[in-house]
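Working through the structure, step by step
Chain residues, written in single-letter form:
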Amino acid sequence: MHVVIIGSGIAGITFAEELRKLQPDNRISVVTQESHGHYSRPMLSHGFSRDDVETKIILKPFDALRDAGIEVHGKTEVLTLDRDGKTVLCRNNTGEFTLNYDKLVLAPGSDALIPPPFQSSSELFSVVNSLDDLIELRRHREQVIETSGTPLWAVVGGGLIGCEVASDLAKAGDRVILFHALARLMERQLVEEDSATLLKVLQSHGIEARLNAAVQDFEKIGALYAVKLQDELATGFHGVIVACGFKPRTDLARQAGLTVNRGILADEFLRTSDPDVHAIGDAAEFVDGRLYAYIMPIRHQAFWLARFLAGEVKEPWQPPDFKPRAKVHGFNAAHPYLF
Ligand SMILES: Cc1cc2nc3c(=O)[nH]c(=O)nc-3n(C[C@H](O)[C@H](O)[C@H](O)COP(=O)(O)OP(=O)(O)OC[C@H]3O[C@@H](n4cnc5c(N)ncnc54)[C@H](O)[C@@H]3O)c2cc1C
């Protein structure tokens, strides 16, 4: 059996390694746009305060996976799926090629969500969604420090990732203004009391948190960036980071005629509307309407799916109990996170 996996994040690689253990004779191929290896995405938001992050973030080099008998096609994009022919069309720097599959696992993860008003200004802001994004931001930060001294950042979005990134930039010694459209931080994950504590923690790190501040757009004035609010232009930023949530990557599945809602719909056996195509990770929407876009439940999905395809479990996947937690320096919530 040839199992093809799209994506080398925690979903794709946990699944590949587990299936390799359970079924040593299967051919397993991972196709991924990444070139750095399999890395820890949660570490991205702590990528400014540590000098060694670009090496420490790598959990497994692709060559180590190849040594374990997993084919890895790095720097390769899957362009289309042909479900009738059971092939995926791929492209890398040498050209296009196809892979045949018996089972296909979609683990393409998520993009940063860019609100529609910002979409035409994408050259005016950055996101922290991949290791390439972080490397680019670190390079820019070094240049600013060399030429202008302490950087001033605008972070747009006071959700989990925005608060983590703001807190890590402040820990690295930078100045940060955090803009959040709503009246309290991380309102989707925290009860009001914990949002208030989080605000105090961020302020104690020197971060200016501007609540009820709905950003409309961005501008570049000379070498600096400006953030447009309803009736104000906040200026003087060396960089703008947009952290407004995540968007499951569903295009391939949609083009292939699979059922897609916010994510790729997966039943209780993590099967899409095609029984030979499974979906896990940030891109998958479970039958309960939820996206389990955290490391712990994604690993749980990946282990379960490997065991299911190896014939070792017959019962449906059950979401595990898990506790999300924000990695804001110095912050601990007093109440459980909402999910
Ligand atoms: C900054 C940040 C901090 C986070 N912190 C935490 C945390 O503290 N705790 C926690 O539980 N979760 C955290 N998360 C969420 C967690 O990282 C994600 O839920 C998880 O990494 C998703 O894994 P995944 O394998 O589904 O997708 P991804 O990690 O996104 O991997 C998807 C892979 O698919 C590849 N791909 C996509 N489309 C194609 C294509 N067409 N062709 C080839 N390859 C393709 C991509 O290149 C990528 O390698 C954080 C996320 C971010 C961005």
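Here the structure is shown first, and the text comes after it.
As a starting point, this report considers the structure included with it.

Calculation notes
Residues numbered from 1 in each chain as written. Predicted model: local features only at pLDDT ≥ 70, side-chain atom pairs only at ≥ 80, totals over all residues. Pairing = 2+ DSSP bridges. Helix = DSSP H or I, 4+ residues; strand = E, 2+ residues; numbered from the N terminus. Buried ≥ 20, exposed ≤ 12 C-beta atoms within 10 Å, placed from the backbone. Axes fitted to C-alpha atoms, helices over the stretch in contact; angles between N-to-C directions.

Quick look at the pairing of strand β7 (residues 87-92) now. Alignment of strand β6 (residues 77-82) against β7, held across five bridges, turns out to be antiparallel. Bridge pairing in β7 links L81 to V88. Connecting β6 to the next strand, β7, in antiparallel fashion are four residues, including K86 with a positive phi near 55 degrees. Relative to strand β8 (residues 95-100), β7 runs antiparallel, the two being bridged by six bridges. When the sheet's bridge partners are listed, L89 is paired in β8 with T98.

Non-glycine residue K86 carries a positive phi angle of around 55 degrees. Relative to the helices and strands, K86 resides in the loop between β6 and β7. Its 18 C-beta neighbours within 10 Å are what place K86 among the partly exposed residues. Even without a glycine there, the phi angle at L270 is positive, about 55 degrees. For L270, the position within the fold is in the loop between β19 (264-266) and β20 (277-279). A residue is classified by how many C-beta atoms lie within 10 Å of it, and L270, with 23 of them, is buried.

This brings us to the environment of L81. Along the polypeptide, L81 turns up in strand β6. L81 gets classed as buried once you count the C-beta atoms within 10 Å, which come to 23. Separated by 37 residues in sequence, L81 and F118 place their C-alpha atoms 30 Å apart.

Attention now moves to the sheet that holds strand β17 (residues 239-242). Taken in spatial order, the four strands make up an open sheet running β13-β12-β11-β17, and their pairing is parallel. Each having just a single partner strand, β13 (208-210) and β17 make up the two edges of the open sheet. Direction aside, neighbouring strands of the sheet carry axes that sit 20 degrees apart on average. Where strand β12 (residues 175-179) and β13 come together, three bridges link them in parallel fashion.

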